[in-house]
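A look at the structure
Each chain, written out:
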Amino acid sequence: MSSGIPLNVGIVRSVAGDADAPKRVLLAEPRGYCAGVDRAVETVEKALEKHGAPIYVRKEIVHNRHVVETLRERGVIFVDQTEEVPEGALVVFSAHGVSPAVHESAARRNLHTIDATCPLVTKVHQEAKRFARDDFDILLIGHEGHEEVEGTAGEAPDHVQLVDGPDAVDSVTVRDENKVIWLSQTTLSVDETMETVNRLRQKFPKLQDPPSDDICYATSNRQTAVKAMAPECDLVIVVGSRNSSNSVRLVEVALSAGARAAHLVDYAREVDTAWLEGIRTVGVTSGASVPEILVEGVLELLAEHGFGAVVPVTTANETLVFSLPRELRTARA
(Lines give C-alpha, C1' and ligand atoms only; values in the text may rest on other atoms or scores of the structure.)
Protein backbone atom coordinates (compact mmCIF):
# COMPACT_ATOMS: atom_id res chain seq x y z
CA MET A 1 0.00 0.00 0.00
CA SER A 2 2.41 2.65 1.24
CA SER A 3 5.53 2.59 3.29
CA GLY A 4 4.30 5.20 5.75
CA ILE A 5 7.98 6.15 6.17
CA PRO A 6 9.32 9.49 4.92
CA LEU A 7 11.67 8.72 2.06
CA ASN A 8 12.90 12.12 0.94
CA VAL A 9 11.60 15.15 2.79
CA GLY A 10 14.92 16.98 3.00
CA ILE A 11 13.94 20.42 1.71
CA VAL A 12 16.60 23.09 1.55
CA ARG A 13 15.08 25.97 3.45
CA SER A 14 14.67 29.31 1.73
CA VAL A 15 14.12 32.68 3.34
CA ALA A 16 10.66 34.07 2.68
CA GLY A 17 10.82 37.15 0.50
CA ASP A 18 14.44 36.57 -0.56
CA ALA A 19 14.49 37.99 -4.08
CA ASP A 20 17.86 36.35 -4.80
CA ALA A 21 16.71 32.82 -3.96
CA PRO A 22 16.56 30.53 -7.03
CA LYS A 23 13.13 29.73 -8.43
CA ARG A 24 12.11 26.16 -7.81
CA VAL A 25 9.22 23.72 -7.79
CA LEU A 26 8.56 21.34 -4.90
CA LEU A 27 6.80 18.35 -6.42
CA ALA A 28 4.74 16.25 -4.03
CA GLU A 29 5.09 12.48 -4.13
CA PRO A 30 2.76 10.65 -3.97
CA ARG A 31 0.26 12.51 -6.09
CA GLY A 32 -2.26 11.71 -8.82
CA TYR A 33 -3.98 8.41 -9.53
CA CYS A 34 -4.68 6.14 -6.60
CA ALA A 35 -5.30 2.40 -6.99
CA GLY A 36 -9.08 2.82 -6.91
CA VAL A 37 -9.12 5.46 -9.64
CA ASP A 38 -6.67 3.51 -11.78
CA ARG A 39 -8.95 0.45 -11.50
CA ALA A 40 -12.10 2.45 -12.31
CA VAL A 41 -10.68 4.16 -15.40
CA GLU A 42 -9.19 0.90 -16.67
CA THR A 43 -12.55 -0.78 -16.09
CA VAL A 44 -14.23 1.61 -18.51
CA GLU A 45 -11.41 1.33 -21.04
CA LYS A 46 -11.54 -2.48 -20.96
CA ALA A 47 -15.33 -2.45 -21.20
CA LEU A 48 -15.03 -0.33 -24.35
CA GLU A 49 -12.50 -2.76 -25.82
CA LYS A 50 -14.64 -5.79 -24.99
CA HIS A 51 -18.13 -4.51 -25.78
CA GLY A 52 -17.57 -1.52 -28.07
CA ALA A 53 -19.22 1.89 -27.89
CA PRO A 54 -21.51 3.08 -26.61
CA ILE A 55 -21.33 1.99 -23.02
CA TYR A 56 -23.03 3.81 -20.17
CA VAL A 57 -21.52 5.01 -16.89
CA ARG A 58 -23.69 6.11 -13.98
CA LYS A 59 -22.33 9.46 -12.74
CA GLU A 60 -18.73 10.44 -13.51
CA ILE A 61 -16.49 7.39 -13.33
CA VAL A 62 -14.06 9.55 -11.30
CA HIS A 63 -14.21 13.24 -10.48
CA ASN A 64 -11.88 14.58 -13.13
CA ARG A 65 -12.92 16.73 -16.07
CA HIS A 66 -10.16 15.57 -18.42
CA VAL A 67 -10.82 11.87 -17.78
CA VAL A 68 -14.57 12.24 -18.30
CA GLU A 69 -14.19 14.29 -21.49
CA THR A 70 -11.63 11.86 -22.92
CA LEU A 71 -13.87 8.86 -22.27
CA ARG A 72 -16.90 10.68 -23.69
CA GLU A 73 -14.96 11.21 -26.91
CA ARG A 74 -14.41 7.43 -27.06
CA GLY A 75 -18.12 6.64 -26.85
CA VAL A 76 -18.92 6.60 -23.15
CA ILE A 77 -22.32 8.05 -22.23
CA PHE A 78 -22.50 9.42 -18.69
CA VAL A 79 -25.93 9.41 -17.04
CA ASP A 80 -27.23 10.50 -13.66
CA GLN A 81 -29.71 7.66 -13.14
CA THR A 82 -30.06 4.06 -14.32
CA GLU A 83 -33.47 5.00 -15.77
CA GLU A 84 -31.59 6.88 -18.50
CA VAL A 85 -29.89 3.67 -19.68
CA PRO A 86 -31.75 1.69 -22.39
CA GLU A 87 -33.14 -1.61 -21.13
CA GLY A 88 -30.69 -4.47 -21.50
CA ALA A 89 -27.67 -2.16 -22.05
CA LEU A 90 -24.32 -2.21 -20.23
CA VAL A 91 -23.75 0.24 -17.39
CA VAL A 92 -20.67 0.77 -15.24
CA PHE A 93 -21.05 2.03 -11.68
CA SER A 94 -18.52 4.70 -10.73
CA ALA A 95 -15.63 4.46 -8.28
CA HIS A 96 -17.69 6.26 -5.63
CA GLY A 97 -20.12 3.39 -5.13
CA VAL A 98 -23.91 3.08 -5.29
CA SER A 99 -26.67 2.14 -2.89
CA PRO A 100 -28.64 -1.14 -2.98
CA ALA A 101 -31.54 0.81 -4.49
CA VAL A 102 -29.41 1.57 -7.56
CA HIS A 103 -28.54 -2.12 -7.99
CA GLU A 104 -32.24 -2.96 -7.69
CA SER A 105 -33.17 -0.33 -10.28
CA ALA A 106 -30.60 -1.74 -12.70
CA ALA A 107 -31.92 -5.27 -12.19
CA ARG A 108 -35.50 -4.15 -12.95
CA ARG A 109 -34.31 -2.74 -16.28
CA ASN A 110 -32.33 -5.90 -17.09
CA LEU A 111 -29.12 -3.89 -17.28
CA HIS A 112 -25.77 -5.60 -17.52
CA THR A 113 -23.71 -4.03 -14.74
CA ILE A 114 -20.00 -3.74 -14.02
CA ASP A 115 -19.23 -2.35 -10.59
CA ALA A 116 -16.12 -0.14 -10.54
CA THR A 117 -16.60 0.90 -6.91
CA CYS A 118 -13.27 1.41 -5.17
CA PRO A 119 -12.67 -1.54 -2.82
CA LEU A 120 -11.93 0.91 0.00
CA VAL A 121 -15.38 2.43 -0.46
CA THR A 122 -16.88 -1.06 -0.52
CA LYS A 123 -15.18 -1.64 2.85
CA VAL A 124 -17.10 1.31 4.33
CA HIS A 125 -20.34 -0.08 2.84
CA GLN A 126 -19.68 -3.39 4.56
CA GLU A 127 -19.04 -1.61 7.85
CA ALA A 128 -22.35 0.27 7.55
CA LYS A 129 -24.24 -2.96 6.92
CA ARG A 130 -22.50 -4.73 9.78
CA PHE A 131 -23.23 -2.06 12.40
CA ALA A 132 -26.79 -1.59 11.14
CA ARG A 133 -27.36 -5.31 11.71
CA ASP A 134 -26.15 -4.78 15.28
CA ASP A 135 -28.60 -1.85 15.59
CA PHE A 136 -26.00 0.88 16.05
CA ASP A 137 -26.59 4.53 15.26
CA ILE A 138 -24.03 5.23 12.52
CA LEU A 139 -22.67 8.77 12.30
CA LEU A 140 -21.34 9.15 8.75
CA ILE A 141 -18.89 12.03 8.46
CA GLY A 142 -19.00 13.39 4.92
CA HIS A 143 -20.29 15.99 2.50
CA GLU A 144 -23.99 16.13 1.76
CA GLY A 145 -24.80 15.26 -1.85
CA HIS A 146 -21.51 13.49 -2.59
CA GLU A 147 -22.08 10.23 -4.48
CA GLU A 148 -19.99 8.24 -2.04
CA VAL A 149 -22.03 9.45 0.92
CA GLU A 150 -25.28 8.66 -0.88
CA GLY A 151 -24.10 5.13 -1.64
CA THR A 152 -22.90 4.42 1.91
CA ALA A 153 -25.98 5.90 3.57
CA GLY A 154 -28.16 3.87 1.22
CA GLU A 155 -26.81 0.66 2.73
CA ALA A 156 -28.58 1.40 6.02
CA PRO A 157 -30.78 4.48 5.68
CA ASP A 158 -32.60 3.87 8.97
CA HIS A 159 -29.34 3.79 10.93
CA VAL A 160 -27.12 6.34 9.18
CA GLN A 161 -27.02 10.02 10.11
CA LEU A 162 -24.84 12.38 8.06
CA VAL A 163 -22.48 14.68 9.95
CA ASP A 164 -21.20 17.31 7.53
CA GLY A 165 -18.27 18.76 9.46
CA PRO A 166 -17.66 19.87 13.07
CA ASP A 167 -20.40 22.50 13.06
CA ALA A 168 -23.03 19.83 12.39
CA VAL A 169 -22.31 17.97 15.62
CA ASP A 170 -24.66 20.06 17.76
CA SER A 171 -27.71 18.83 15.86
CA VAL A 172 -26.83 15.12 16.12
CA THR A 173 -29.13 12.94 18.23
CA VAL A 174 -28.90 9.20 18.88
CA ARG A 175 -31.17 6.54 20.37
CA ASP A 176 -28.65 4.88 22.66
CA GLU A 177 -25.34 6.55 23.54
CA ASN A 178 -23.86 3.11 24.24
CA LYS A 179 -24.34 2.00 20.62
CA VAL A 180 -22.89 4.76 18.45
CA ILE A 181 -20.12 4.46 15.86
CA TRP A 182 -18.63 6.88 13.35
CA LEU A 183 -17.69 6.12 9.75
CA SER A 184 -16.44 8.54 7.12
CA GLN A 185 -16.30 9.38 3.46
CA THR A 186 -12.91 8.18 2.17
CA THR A 187 -11.76 11.47 0.62
CA LEU A 188 -12.01 13.91 3.52
CA SER A 189 -9.42 16.09 5.21
CA VAL A 190 -7.84 13.93 7.89
CA ASP A 191 -7.50 16.86 10.29
CA GLU A 192 -11.05 18.14 9.84
CA THR A 193 -12.44 14.62 10.19
CA MET A 194 -10.64 14.13 13.49
CA GLU A 195 -11.89 17.52 14.66
CA THR A 196 -15.43 16.32 13.93
CA VAL A 197 -14.75 13.01 15.71
CA ASN A 198 -13.40 14.84 18.77
CA ARG A 199 -16.51 17.02 18.88
CA LEU A 200 -18.70 13.94 18.57
CA ARG A 201 -16.80 12.18 21.34
CA GLN A 202 -17.28 15.12 23.66
CA LYS A 203 -21.02 14.76 23.10
CA PHE A 204 -21.04 10.94 23.05
CA PRO A 205 -18.16 9.68 25.24
CA LYS A 206 -18.77 6.03 24.30
CA LEU A 207 -18.57 6.72 20.56
CA GLN A 208 -16.84 3.78 18.85
CA ASP A 209 -14.23 4.02 16.09
CA PRO A 210 -14.48 2.12 12.81
CA PRO A 211 -12.58 -1.20 12.71
CA SER A 212 -9.99 0.39 10.41
CA ASP A 213 -9.33 3.82 8.92
CA ASP A 214 -12.07 4.89 6.52
CA ILE A 215 -10.14 7.78 4.98
CA CYS A 216 -8.24 6.05 2.22
CA TYR A 217 -4.47 5.67 2.24
CA ALA A 218 -4.13 7.77 -0.93
CA THR A 219 -6.08 10.73 0.45
CA SER A 220 -4.03 10.63 3.64
CA ASN A 221 -0.71 10.24 1.79
CA ARG A 222 -1.39 13.16 -0.54
CA GLN A 223 -2.29 15.39 2.37
CA THR A 224 0.86 14.37 4.24
CA ALA A 225 3.06 15.26 1.26
CA VAL A 226 1.41 18.68 0.96
CA LYS A 227 1.87 19.33 4.68
CA ALA A 228 5.60 18.53 4.32
CA MET A 229 6.19 21.08 1.57
CA ALA A 230 3.58 23.78 2.27
CA PRO A 231 5.59 25.76 4.86
CA GLU A 232 8.28 26.37 2.21
CA CYS A 233 5.86 27.37 -0.56
CA ASP A 234 4.93 30.86 -1.65
CA LEU A 235 2.29 29.19 -3.81
CA VAL A 236 0.82 25.69 -4.10
CA ILE A 237 -0.87 24.60 -7.31
CA VAL A 238 -3.19 21.62 -6.92
CA VAL A 239 -4.18 19.96 -10.18
CA GLY A 240 -7.71 18.61 -9.90
CA SER A 241 -11.38 19.27 -10.58
CA ARG A 242 -13.68 21.33 -8.41
CA ASN A 243 -16.07 18.42 -7.83
CA SER A 244 -13.20 16.28 -6.56
CA SER A 245 -13.43 16.24 -2.77
CA ASN A 246 -9.86 15.08 -2.21
CA SER A 247 -8.48 17.73 -4.60
CA VAL A 248 -10.38 20.54 -2.89
CA ARG A 249 -9.13 19.27 0.46
CA LEU A 250 -5.51 19.50 -0.77
CA VAL A 251 -5.93 23.26 -1.30
CA GLU A 252 -7.30 23.62 2.22
CA VAL A 253 -4.51 21.48 3.68
CA ALA A 254 -1.84 23.51 1.87
CA LEU A 255 -3.15 26.78 3.27
CA SER A 256 -3.60 25.46 6.80
CA ALA A 257 -0.07 23.96 6.72
CA GLY A 258 1.59 27.28 5.89
CA ALA A 259 1.49 27.90 2.12
CA ARG A 260 1.03 31.58 1.46
CA ALA A 261 -1.36 30.92 -1.44
CA ALA A 262 -2.96 27.87 -3.04
CA HIS A 263 -5.09 27.36 -6.15
CA LEU A 264 -6.94 24.49 -7.81
CA VAL A 265 -6.69 24.10 -11.59
CA ASP A 266 -7.84 21.47 -14.07
CA TYR A 267 -5.31 22.42 -16.74
CA ALA A 268 -2.08 24.42 -17.07
CA ARG A 269 -3.96 27.03 -19.10
CA GLU A 270 -5.94 27.90 -15.95
CA VAL A 271 -2.79 28.99 -14.10
CA ASP A 272 -2.83 32.78 -13.85
CA THR A 273 0.75 33.90 -14.46
CA ALA A 274 0.08 36.86 -12.14
CA TRP A 275 0.19 34.29 -9.33
CA LEU A 276 3.90 33.83 -10.08
CA GLU A 277 4.95 37.46 -9.58
CA GLY A 278 7.46 37.72 -6.76
CA ILE A 279 7.27 33.97 -6.14
CA ARG A 280 10.38 31.83 -5.56
CA THR A 281 8.97 28.44 -4.49
CA VAL A 282 5.92 26.77 -6.04
CA GLY A 283 4.53 23.52 -4.70
CA VAL A 284 2.75 21.22 -7.14
CA THR A 285 0.52 18.25 -6.40
CA SER A 286 -2.58 16.59 -7.82
CA GLY A 287 -5.71 14.89 -6.58
CA ALA A 288 -6.20 11.14 -6.61
CA SER A 289 -8.23 11.19 -9.85
CA VAL A 290 -5.76 13.24 -11.91
CA PRO A 291 -3.69 11.72 -14.75
CA GLU A 292 -0.01 12.65 -14.69
CA ILE A 293 -0.15 14.32 -18.11
CA LEU A 294 -2.01 17.24 -16.52
CA VAL A 295 0.73 17.71 -13.92
CA GLU A 296 3.34 17.61 -16.68
CA GLY A 297 1.51 20.45 -18.41
CA VAL A 298 1.72 22.60 -15.28
CA LEU A 299 5.43 21.83 -14.84
CA GLU A 300 6.09 22.82 -18.46
CA LEU A 301 4.31 26.14 -17.95
CA LEU A 302 6.24 26.82 -14.76
CA ALA A 303 9.52 26.01 -16.53
CA GLU A 304 8.66 28.59 -19.18
CA HIS A 305 8.48 31.16 -16.38
CA GLY A 306 11.83 30.29 -14.82
CA PHE A 307 10.77 27.48 -12.49
CA GLY A 308 12.91 24.80 -14.11
CA ALA A 309 14.37 23.27 -10.95
CA VAL A 310 12.07 20.52 -9.67
CA VAL A 311 12.67 19.03 -6.22
CA PRO A 312 10.62 15.94 -5.28
CA VAL A 313 9.12 15.85 -1.79
CA THR A 314 8.48 12.17 -1.09
CA THR A 315 6.65 11.09 2.05
CA ALA A 316 5.38 7.63 1.05
CA ASN A 317 5.84 4.97 -1.60
CA GLU A 318 2.53 3.55 -2.83
CA THR A 319 2.46 0.01 -4.25
CA LEU A 320 -1.18 -1.06 -3.86
CA VAL A 321 -2.95 -2.41 -6.98
CA PHE A 322 -6.58 -3.55 -7.20
CA SER A 323 -7.82 -6.28 -9.53
CA LEU A 324 -10.34 -5.38 -12.22
CA PRO A 325 -13.98 -6.40 -11.73
CA ARG A 326 -14.35 -10.12 -12.43
CA GLU A 327 -16.29 -9.50 -15.67
CA LEU A 328 -13.16 -7.97 -17.20
CA ARG A 329 -10.24 -9.83 -15.64
CA THR A 330 -9.74 -12.14 -18.62
CA ALA A 331 -9.40 -9.06 -20.82
CA ARG A 332 -6.43 -7.74 -18.87
CA ALA A 333 -3.04 -8.22 -20.45
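Residues numbered from 1 in each chain as written. Predicted model: local features only at pLDDT ≥ 70, side-chain atom pairs only at ≥ 80, totals over all residues. Heavy atoms only, no water.

A look at the sheet that holds strand 12 (residues 310–314)
Whether parallel or antiparallel, the strands of a sheet pair through hydrogen bonds between backbone atoms. The cut-off we apply is this: Each pair of strands is called paired provided DSSP finds at least two bridges between the two strands. Starting at the N terminus, helices and strands are each numbered in turn, a helix being any DSSP run of H or I of at least four residues and a strand any DSSP run of E of at least two. Every axis in this analysis is a line fitted to C-alpha atoms, fitted for helices over the stretch in contact. Angles between the N-to-C directions lie between 0 and 180 degrees. The contact rule is simple, with two residues in contact once any of their heavy atoms fall within 4.5 Å.
Read across the open sheet, the five strands follow the order 10-9-11-1-12; overall the sheet is parallel. Each edge of the open sheet is held by one strand with a lone partner, namely strand 10 (262–265) and strand 12. Direction aside, the axes of adjacent strands within the sheet are offset by 25° on average. The pairing of strand 1 (residues 24–29) with strand 12 spans five bridges and is parallel. Residue pairing in the sheet places Val25 in a bridge with Val310 of strand 12. Along the sheet face, helix 8 (residues 245–256) touches strand 9 (235–239), strand 10 and strand 11 (281–286) and points at about 165° away from the line of strand 10. Sitting on the sheet, helix 9 (residues 292–304) is in contact with strand 1, strand 9, strand 10 and strand 11, with an inclination near 165° to strand 11.

Examining the environment of His125
Among the secondary structure elements, His125 is positioned in helix 4 (residues 119–133). Note: C-alpha distance between His125 and Val149 (24 residues apart in sequence) is 9.9 Å. When neighbours within four sequence positions are excluded, His125 is seen to be in contact with Val98, Gly151, Thr152 and Glu155.

Quick notes on a negative patch on the surface
Applied cut-off: Candidate patch residues must exceed 30% relative accessible area and have no salt bridge, after which like charges are joined if within 9 Å and Val, Leu, Ile, Met, Phe, Trp or Tyr side chains if within 5 Å. All accessible areas in this document rest on Shrake-Rupley with a 1.4 Å probe, and a residue is counted as covered only by the protein chains that are shown. The term salt bridge refers to a side-chain nitrogen of Lys or Arg lying within 4 Å of a carboxyl oxygen of Asp or Glu. The charge count includes Lys and Arg as positive and Asp and Glu as negative, but it does not include His or the ends of the chains. Each charge is placed at NZ for Lys, CZ for Arg, CG for Asp and CD for Glu.
Taken together, Glu144, Glu150, Asp164, Asp167, Asp170, Glu192 and Glu195 make up a surface patch of like negative charges. With respect to the secondary-structure elements, Glu195 resides in helix 6 (residues 190–203).

Here's the deal with the packing of aromatic side chains
Rules: For Phe, Tyr and Trp, rings pair up if their centres lie within 6.5 Å, where Trp contributes its six-membered ring, and each pair is then called stacked (planes under 30 degrees apart), edge-to-face (over 60) or tilted (otherwise). The rule is simple: take the accessible area with a 1.4 Å probe, protein chains only, and divide by the maximum for that residue type; under 20% is buried, over 50% is exposed, in between is partly exposed.
Counted according to the given criterion, the structure contains one aromatic pair. Their ring planes at 80° and their centres at 5.3 Å tell us that Phe131 and Phe136 sit as a pair that is edge-to-face. Taking relative accessible area as the criterion, Phe131 reaches 5% and is therefore assigned buried. Overall, the relative accessible area of 9% leaves Phe136 in the buried class.

Considering the environment of Lys227
Short version of the rule: Pairs of N or O atoms are called polar contacts if they sit within 3.5 Å, as long as, within protein, a hydrogen donor faces a hydrogen acceptor (for residues adjacent in sequence, only side-chain-to-side-chain pairs).
Along the chain, the position of Lys227 falls in helix 7 (residues 217–229). The exposure class assigned to Lys227 is partly exposed, which follows from its relative accessible area of 31%. Those residues in contact with Lys227 that sit more than four places away from it in its chain are Asp191, Val253 and Ala257. Within the local environment of Lys227, its side chain forms a polar contact with the side chain of Asp191, the two groups lying 2.9 Å apart.

Observations regarding the confidence of the model for the protein
Test applied: pLDDT is a per-residue confidence score from the predictor, ranging from 0 to 100.
For the protein, the average pLDDT comes to 93, and 93% of its residues sit at 70 or higher. Within the model, pLDDT remains below 50 along residues 1–7, and this stretch shows 20 contacts once partners closer than five positions in the same chain are excluded.

Thoughts on the nonpolar core
Which entries qualify depends on this criterion: In plain words, nonpolar cores are sets of buried Ala, Val, Leu, Ile, Met, Phe, Trp, Tyr and Cys residues tied together by side-chain atoms within 4.5 Å.
Membership of the largest hydrophobic core comes to 32 residues, with the highest contact counts inside it found for Val44, Ile55, Ile61, Val62, Val76 and Val92. Every element with two or more residues in this core is listed here: helix 1 (35–51), strand 2 (55–58), helix 2 (65–73), strand 3 (76–79), strand 4 (90–93), helix 4 and helix 7. The element best represented in this core is helix 1, accounting for seven residues. Among residues more than four places away in sequence, those in contact with Ile55 are Val44, Ala47, Leu48, Gly75, Val76, Ile77, Leu90 and Val92. In this structure, Val25, Tyr267, Val284 and Leu301 belong to the second largest nonpolar core, which totals 21 residues.

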